[in-house]
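Residue-level structure breakdown
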Number of protein chains: 2
Amino acid sequence: MVKQPNPARRSERSRQAILTAARELVSEVGYAKLSIEAIAARAGVGKQTIYRWWPSKGAVVLDAFLALSESGPEDSMTLPDTGDLEADLKVVMRATVAEFADPAFEGPIRALNTEIINDPALAAQYRARLAGPVEEAKRARLRSAQRAGQLAADADLDLALELLYAPLYQRWLFRSGPLTPAYADALVEVFLKAMRPDVDQLTDAQDSAKLEKSG
Amino acid sequence: MVKQPNPARRSERSRQAILTAARELVSEVGYAKLSIEAIAARAGVGKQTIYRWWPSKGAVVLDAFLALSESGPEDSMTLPDTGDLEADLKVVMRATVAEFADPAFEGPIRALNTEIINDPALAAQYRARLAGPVEEAKRARLRSAQRAGQLAADADLDLALELLYAPLYQRWLFRSGPLTPAYADALVEVFLKAMRPDVDQLTDAQDSAKLEKSG
DNA sequence: GTGTCAAGACGGAACGTCTCGTCTCGTGGT
DNA sequence: ACCACGAGACGAGACGTTCCGTCTTGACAC
């Protein structure tokens, strides 16, 4: 492992200026035409100061956006849980559709994803600090649904999440179809049909019946 | 439409040399470090000859790989259709998993996808000449299954295909999990559960068969 | 003769490395 | 308590390199 310089002596002013400049420039010229030189110039910072602390352009941009979402003290995110799984999921999926339609997010997120595909190290950072917590919240909601008997108890939650989100994500990333609230709803409905519990693994009342049968 | 030079006078020797050089170089140094200059040098071709006929690096690489898959006279591809939908799908999905695991395909395909995300024009080419025909074959197999009553007759086939392939594709593209034959099978099984026809829209023949099995 | 070709010169942009001289600390001697 | 010192991060930017996309030249083919 190549050792980094002493983080204690790092200039917080420079760090903030770099992240801010990166955020501004990615909005102004797009990610593809974003250069380290331009970030350094805009931030009033030496190029070496960027190369000293970040390994790549993608890492800077990732940090720039992480700094936004990590600003709030609410690190743990939770999803709606009204007890009505279908309604909750539709709310979340429609919100995701709306988020993807926002042109302000479109560019940077698309750029980050492009970079992540080809840079496993950056992908690990992304997963650990952004995607990971979100996915854990989704898993928690599905676990709650399992407890309520609305989802197969033995379902693979990773597979379930992929089933629910991958189609939406792919459609957005590759622009392979329209992203509408109706599509989000359809996805939730077909997802629920796939993950519905079998009749012989239900809760409470059915549980005692099952015990009788096995005994 | 920007007027192209006269294609009749185009040098086939140069074209082939360029495509071959592109294929070799993308394997040797990867797509990211692939340069037009290197392609021209390897092909023994002037840079202008490349710029004359292709708009971008991605277009050259796309053409290079299209030239491979279009070489055979079998333009129309068909998927196995033994009547057993589950078995057929598992064969195809396992084959897809194996293909994605091949390191020789990994690099170029990943590169093409990266480019396609950010270049809608290239994406259109890709869809029309590579992904399109494949997807149509998949749709045809699902339509056959609908006719056989193995799939809901009113199912949205585009949604169905996304449900089946997007999770696999996403796992590969973002390296977010292991790609195993068991995963392929699990995906097919949960897909079939989601797309199974409702009881009240079966034909007479399948209806009695289902009643017998469940009884 | 007109247009494509190979070859490569050209100006420009951005890369990543490398000095410079400055500024900011923590530490230790007094 | 003070302050001189040294380590090291800093802003600035020169440097050599790579690659871009355009342009020029002379050879060759239709």
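These numbers were taken from a predicted model, which means no experiment stands behind them.

**Quick word on helix 7 (residues 120-147) of chain B**
All names here are of chain B. The first and last C-alpha atoms of helix 7 sit only 35 Å apart over 28 residues, clearly below the 40 Å expected at 1.5 Å per residue. Along helix 7, the sharpest kink reaches roughly 50°, centred on Ala-131 and followed within four residues by the proline Pro-133. Where helix 7 begins, one side-chain oxygen reaches toward the backbone nitrogen of Ala-121, 3.1 Å away; that side chain belongs to Asp-119. Immediately beyond the C-terminal end of helix 7, within one or two residues, lies Gly-149, with a positive phi of roughly 75°.

**What to know about the nonpolar core**
Ile-39 and Ile-50 of chain A together with Ile-39 and Ile-50 of chain B are the most contacted members of the largest nonpolar core, which totals 73 residues. The greatest single-element share of this core, amounting to seven residues, is contributed by helix 4 (residues 57-69) of chain B. Within the second largest apolar cluster, 54 residues are counted, among which are Ala-184 and Leu-187 of chain A together with Met-93 and Leu-163 of chain B.

**Observations regarding the pattern of salt bridges**
Under the counting rule described, the total for this entry stands at 30 salt bridges over all chains. Among the ionic pairs, Glu-189 of chain A bridges to Lys-90 of chain A, the shortest N-O distance being 2.7 Å. On the criterion of sequence distance, the pair formed by Glu-189 of chain A in helix 9 (residues 181-195) and Lys-90 of chain A in helix 5 (residues 85-101) is long-range, its members being 99 residues apart. For Glu-189 of chain A, a relative accessible area of 42% corresponds to the partly exposed category. Using a relative accessible area of 13% as the deciding quantity, one classes Lys-90 of chain A as buried. For the salt bridge of Asp-158 of chain B with Arg-139 of chain B, the shortest nitrogen-to-oxygen distance reads 2.8 Å. Of this pair, Asp-158 of chain B sits in helix 8 (residues 157-173) while Arg-139 of chain B sits in helix 7; the two residues are 19 residues apart in sequence, bridging distant segments of the chain. Judged by relative accessible area, which is 39%, Asp-158 of chain B ranks as partly exposed.

**Section: the UniProt feature "DNA-binding region" (unreviewed entry) in chain A**
Under the UniProt annotation, "DNA-binding region" (unreviewed entry) lies at residues 35-54 of chain A. The straight-line gap between the two end C-alpha atoms of residues 35-54 of chain A is 14 Å; of that span, 75% is helix and 0% is strand.

**Observations regarding the packing of aromatic side chains**
Two aromatic rings are characterised by how far apart their centres lie and by the angle between their planes. In the structure shown here, the tally under the stated rule is eight aromatic pairs over all chains. Note on Phe-100 of chain A and Trp-172 of chain A: the rings are 4.5 Å apart at their centroids and 15° apart in plane angle, and the pair reads as stacked. Here Trp-172 of chain A lies in helix 8 (residues 157-173) and Phe-100 of chain A lies in helix 5, a separation of 72 residues in the sequence. Comparing Phe-100 of chain A with Trp-172 of chain A, the two get one shared label, buried. Both rings, one in Tyr-169 of chain B and one in Trp-172 of chain B, keep their centres 5.9 Å apart while their planes meet at 45°; by these two values the pair is tilted. Placement of both Tyr-169 of chain B and Trp-172 of chain B in helix 8 is noted, with a separation of three residues, approximately one turn of the helix. Exposure remark for Tyr-169 of chain B: the relative accessible area of 17% places this residue in the buried category. Relative accessible area serves as the criterion here: at 4%, Trp-172 of chain B is assigned to the buried category. These aromatic residues form a ring-pair network of at least three members: Phe-100, Tyr-169 and Trp-172 of chain A together with Phe-174 of chain B. Here the basic side chain of Lys-57 of chain B rests over the ring of Tyr-31 of chain B, its NZ or CZ set 4.5 Å away from the ring centre.

**Overview of the protein's contact with DNA strand D**
The full set close to DNA strand D counts 20 residues, and Ser-14 and Thr-49 of chain A together with Glu-37, Lys-47 and Gln-48 of chain B are the nearest of them. In the interface set of DNA strand D, defined as its atoms within 4 Å of the protein, sugar plus phosphate atoms amount to 60%. At a separation of 2.8 Å, a phosphate oxygen of DNA strand D approaches a polar backbone atom of Asn-6 of chain A. Thr-49 of chain A has a polar side-chain atom sitting 2.7 Å from a phosphate oxygen of DNA strand D. Going through the elements one at a time, helix 3 (47-53) of chain A together with helix 2 (36-43) and helix 3 (47-53) of chain B are the ones with two or more residues in the surface near DNA strand D. Ranked by residue count, the leading element in the surface near DNA strand D is helix 3 of chain A, at four residues.

The rules behind these values
- Every chain's residues receive numbers from 1 upward, in the order its sequence appears when written.
- Both sets of labels track the order of writing: A upward for chains, 1 upward for ligands.
- In keeping with the model being predicted, local features are shown solely for residues with a pLDDT of at least 70 and side-chain atom pairs are shown and tallied solely at 80 or more, while totals for entire chains, interfaces and linings include all residues.
- Side-chain measures here rest on the full set of heavy atoms in the structure, leaving out hydrogens and waters.
- The secondary structure listing takes helices from DSSP runs of H or I that are at least 4 residues long and strands from runs of E that are at least 2 residues long, numbered from the N terminus.
- Expected helix span is taken as 1.5 Å per residue step, with the number of steps being one fewer than the number of residues.
- Bend at a residue means the angle formed by two fitted axes: the first through the 7 residues ending at that position, the second through the 7 residues beginning there.
- Residues adjacent in sequence count toward polar contacts only when both atoms are side-chain atoms; beyond that, a polar contact is any pair of N or O atoms within 3.5 Å, and within protein one must be able to donate a hydrogen and the other to accept it.
- Among buried residues, those of type Ala, Val, Leu, Ile, Met, Phe, Trp, Tyr and Cys that are joined through side-chain atoms within 4.5 Å constitute a nonpolar core.
- Partly exposed describes any residue whose relative accessible area lies between the buried limit of under 20% and the exposed limit of over 50%, with all areas from a 1.4 Å probe on protein chains only and scaled to the type maximum.
- Salt bridges are defined by distance alone: a side-chain nitrogen of Lys or Arg within 4 Å of a carboxyl oxygen of Asp or Glu.
- UniProt positions are given in the numbering used here, feature names are shortened, and annotations may be inferred rather than shown by experiment.
- When two rings of Phe, Tyr or Trp (its six-membered ring) have centres within 6.5 Å they constitute a pair, described as stacked for plane angles under 30 degrees, edge-to-face for angles over 60, and tilted for the intermediate range.
- Any Lys NZ or Arg CZ found within 6 Å of a ring centre and within 35 degrees of that ring's normal is scored as a charge over the ring.
- The nearness test applies per residue and asks whether one of its heavy atoms lies within 4 Å of the molecule or strand.

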